[in-house]
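# Fold and contact review
Okay, here's what each chain looks like letter by letter:
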Amino acid sequence: MPTIVTYAEHRDGRLRRPSLEAVSAAKRLAEPLKATVQAVVIGSEGEAFIGDLGAHGADVVHLFDQPELAAYATEPYARAVAQVVSGEKPSAVLVPFTAMGKDLAPRVAARVGAGLVSDCIALEVKEGRLQARRPMYAGKAYATVRWEGEPQMATLRPNVFPVGSPDAARKPEVRKGTVDTTARAKVAALHATAAGKLELTEAQIIVSGGRGLKGPENFHLVESLAAAMGAAVGASRAVVDAGWVDHQYQVGQTGKTVSPSLYVACGISGAIQHLAGMSSSKYIVAINKDADAPIFKVANYGVVGDLFELLPKLTEAAKAYFAGKR
Ligand SMILES: Cc1cc2nc3c(=O)[nH]c(=O)nc-3n(C[C@H](O)[C@H](O)[C@H](O)COP(=O)(O)OP(=O)(O)OC[C@H]3O[C@@H](n4cnc5c(N)ncnc54)[C@H](O)[C@@H]3O)c2cc1C
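Residues numbered from 1 in each chain as written. Predicted model: local features only at pLDDT ≥ 70, side-chain atom pairs only at ≥ 80, totals over all residues. Heavy atoms only, no water.

The next point concerns the site of the ligand. Taken together, 26 residues are adjacent to the ligand, and Arg211, Ser236, Thr254, Ser269 and Asn288 come closest. The backbone of valine 251 places a nitrogen or oxygen atom 2.8 Å from a nitrogen atom of the ligand. With respect to the ligand, the side chain of glutamine 273 contributes an N or O atom lying 2.8 Å from an oxygen atom. Going through the elements one at a time, α6 (237–241), α7 (272–278) and α9 (307–322) are the ones with two or more residues in the shell around the ligand. Tallied by class, residues from the shell around the ligand come to six nonpolar, 14 polar and six charged. (Near = heavy atom within 4 Å. Polar contact = N/O pair within 3.5 Å; in protein donor to acceptor, adjacent residues only side chain to side chain. Helix = DSSP H or I, 4+ residues; strand = E, 2+ residues; numbered from the N terminus. Nonpolar A, V, L, I, M, F, W, Y, C, P; charged D, E, K, R; others polar.)

When we look at burial in helix α5 (residues 220–229), the residues that qualify are Leu221, Val222, Leu225, Ala226, Ala228 and Met229. All buried residues of α5 project into a common sector of 165° when viewed along the axis, lining one side. Of the surrounding elements, those touching the buried residues of α5 are β13 (205–209), β14 (232–235), β15 (262–266) and α9. At the C-terminal side of α5, glycine 230 shows a positive phi close to 65°. (Buried < 20%, exposed > 50% of the residue type's maximum accessible area, 1.4 Å probe, protein only. Arc of directions from axis to C-beta. Contact = heavy atoms within 4.5 Å.)

Split by domain assignment, the protein resolves into domain 1 (3–176) and domain 2 (200–322). On the domain 2 side, the residues contacting the 11 residues of domain 1 number 13 residues. When the two sides are added together, the surface that domain 1 and domain 2 hide from each other amounts to roughly 1,100 Å², 43% of it contributed by carbon and sulfur. Area buried by domain 1 at its contact with domain 2 is led by Ala138, Arg157 and Asn159, which between them contribute 51% of it. (Domains from an automatic or database assignment. Buried area = accessible area lost by both parts, 1.4 Å probe.)

It is worth spelling out the pattern of salt bridges at this point. For the structure shown, the criterion picks out 15 salt bridges. Among the salt bridges present, the one from arginine 17 reaches glutamate 21, with a minimum N-O distance of 3.0 Å. Pair noted here: arginine 17 and glutamate 21 are both in helix α1 (residues 17–33), with a separation of four residues, about one helical turn. On the basis of relative accessible area, glutamate 21 is assigned to the buried category, the value being 2%. Lysine 126 is the salt-bridge partner of glutamate 124, the closest N and O atoms lying 4.0 Å from each other. On the basis of relative accessibility, which here comes to 33%, the residue lysine 126 falls in the partly exposed class. By sharing partners, the salt bridges in this structure join Glu9, Arg14, Arg16 and Glu202 into a single network. (Salt bridge = Lys/Arg side-chain N within 4 Å of Asp/Glu carboxyl O.)

Further remarks concern the sheet that holds β13. If you trace the five strands from one edge of the open sheet to the other, you get β14-β13-β15-β16-β17, paired in parallel fashion. At either end of the open sheet lies a strand with only one pairing partner, and these are β14 and β17 (301–304). Across the sheet, the mean angle from the axis of one strand to that of its neighbour is 15°, orientation sign disregarded. Examined bridge by bridge, β13 and β14 share four bridges and lie parallel to one another. Bridging across to β14, valine 207 finds its partner in valine 233. Contacting β13, β14 and β15, α5 crosses the sheet at an angle of about 175° to β13. Packed onto the sheet, α9 meets β15, β16 (283–288) and β17 and runs at close to 135° relative to β16. (Pairing = 2+ DSSP bridges. Axes fitted to C-alpha atoms, helices over the stretch in contact; angles between N-to-C directions.)

Below, the discussion takes up the packing of helix α3 (residues 74–88) against helix α4 (residues 99–112). One can describe the packing of α3 onto α4 by two numbers: an axis separation of 9 Å at closest approach and a directional angle of 50°. Regarding the angle of α3 to α4, the classification is oblique. Once α3 is placed against α4, the crossing between them reads as right-handed. Contacts between α3 and α4 involve Thr74, Glu75, Tyr77, Ala78, Arg79, Val81, Ala82, Val85 and Ser86 on the former and, on the latter, Asp103, Leu104, Arg107, Val108, Arg111 and Val112. (Parallel < 35°, antiparallel > 145°, perpendicular 65-115°, else oblique. Left-handed = near helix turned anticlockwise from the far one by under 90°.)

Between the first and last C-alpha of α9 there are 21 Å, a value that for 16 residues agrees with the 22 Å anticipated at 1.5 Å per step. Contacts from the buried residues of α9 go to α5, β15 and β16. With a side-chain oxygen positioned 2.9 Å from the backbone nitrogen of phenylalanine 308, the residue opening α9 is aspartate 306. Two residues or fewer past α9, glycine 324 is found with a positive phi of approximately 85°. (Expected span 1.5 Å × (residues − 1).)

Spatially, β7-β11-β6-β1-β4-β5-β12 is the arrangement adopted by the seven strands of the open sheet, whose pairing is parallel. Two strands in the sheet have a free side with no partner beyond their single neighbour: β7 (115–120) and β12 (173–176). On average, adjacent strands in this sheet sit at an angle of 20° to one another, irrespective of strand direction. Two elements, strand β6 (residues 92–96) and strand β11 (residues 152–156), share five bridges in a ladder whose sense is parallel. Residue valine 95 lies in a different strand from β11, and its bridge partner there is threonine 155.

What follows covers the pairing of β11. Along β11, five of the five residues are buried, which leaves the element largely enclosed by surrounding structure. Pairing of β7 with β11 involves four bridges; the strand directions are parallel. Considered in β11, the bridge of leucine 116 is made with methionine 153.

The following block contains the structure:
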C-alpha cells in the first residue's frame, strides 16, 4: 500500500500547528492515492502527541524518544526521518517549512536521494502522482512542479494548508524506533528572546509597521492595534535596519514568510521584497497615505490616509469589537 510520511514538530510541550497542517494535507492526498499516513515524531516528549497526530490522520506514528533527542540536532533528527523513509519507502514525504523543517528536509532528501520541492503552497494528486505549486523570484511567479521518482518530498508553507477536523476515535499504531544520536554540532542552550509573544509564522492575524511610522517612538501604535486584535507584530526591513525593532519581526524575502488570515500593513510601501514574505496572506489590509503605493496592488482592502489618525481609532474599535469575544 502506498504511504505518505510526515514530520511532526513540537515545541514547549505542544505540537506545532504546521505539523497538524502537514498531517492533514497528507490525509487529504492519501484518499485518492489510497495511501496510509505515517507521522514521525522525535524527542523525549514525543509520546504526548500520538493521540493528536492520529486524530488528524496518522495511521502510524514512528516515535523516537531517546533522552539524547530532547533538543533538536540536525544530524540525529535527519538520521531518524531518513531511517523511516528508507524502511517504509513512501511515495511522498511532507515536512513543515518552519525554521526546523528548512534545516531538516534538505538533509533527509540528500540521505534518501529524494527530489525536494520547498515552500509549497498547494499540493494535488494528478494521475496518481503529486503536483506542487510554489512561489519563485520572491513571489513574482509561481511554478507548477512534478517529481521524477520517489519519494516525492515537499516542505509546506505554514498557515496555507488547512487543519482537518480531528477524529478522537482514530487510534494510530505506534512504532518505536532508536537512532544513533551522535552529532557533530549540538544545541547547548536555548535563549528565548520573545517569551510569551505570538510566533509570527503561526499567527492568524499580523499587524506590521513600516517607515511610515517615522520613528521607533511611534511603533507602539502598531503594537497597541496588534494587542487589541490578539495579533502578532511584524515589520518591514526598513524599520529593522534602522534599529527600531529586532530582526525576528521582519517580514519578507530576507525575513519571515507569513500566511495569516489577516495581514494589516501600516505605513509599508509594498516593495517586492516585502511582498515576497506576505502576499500569500488570505486578506491584506493596507493603510498608507500614498494612493499609488504598490502595497495597494496586493491589498484586498486599502485605506488611503494618515496612520497617526487611523491607528488609534482602529485600536479603540478593535478593543470594543473584541471585548467579550475572547
Ligand atoms: C536583497 C534585499 C532584500 C530585502 N528584504 C526585505 C525584507 O525581507 N523585508 C522588507 O520589508 N524589505 C526588504 N527589503 C527592502 C525593501 O526593498 C524596502 O526598502 C522596504 O521594504 C521598505 O520598507 P517600508 O515600506 O517600511 O519603507 P518605505 O518604502 O519608505 O515606505 C514607507 C511608506 O509609508 C507611507 N507613509 C509615510 N507616512 C505615512 C503616514 N503618516 N500614514 C500612512 N502612510 C505613510 C509612505 O507613503 C510609504 O509608502 C530588501 C531589499 C533588498 C535589496
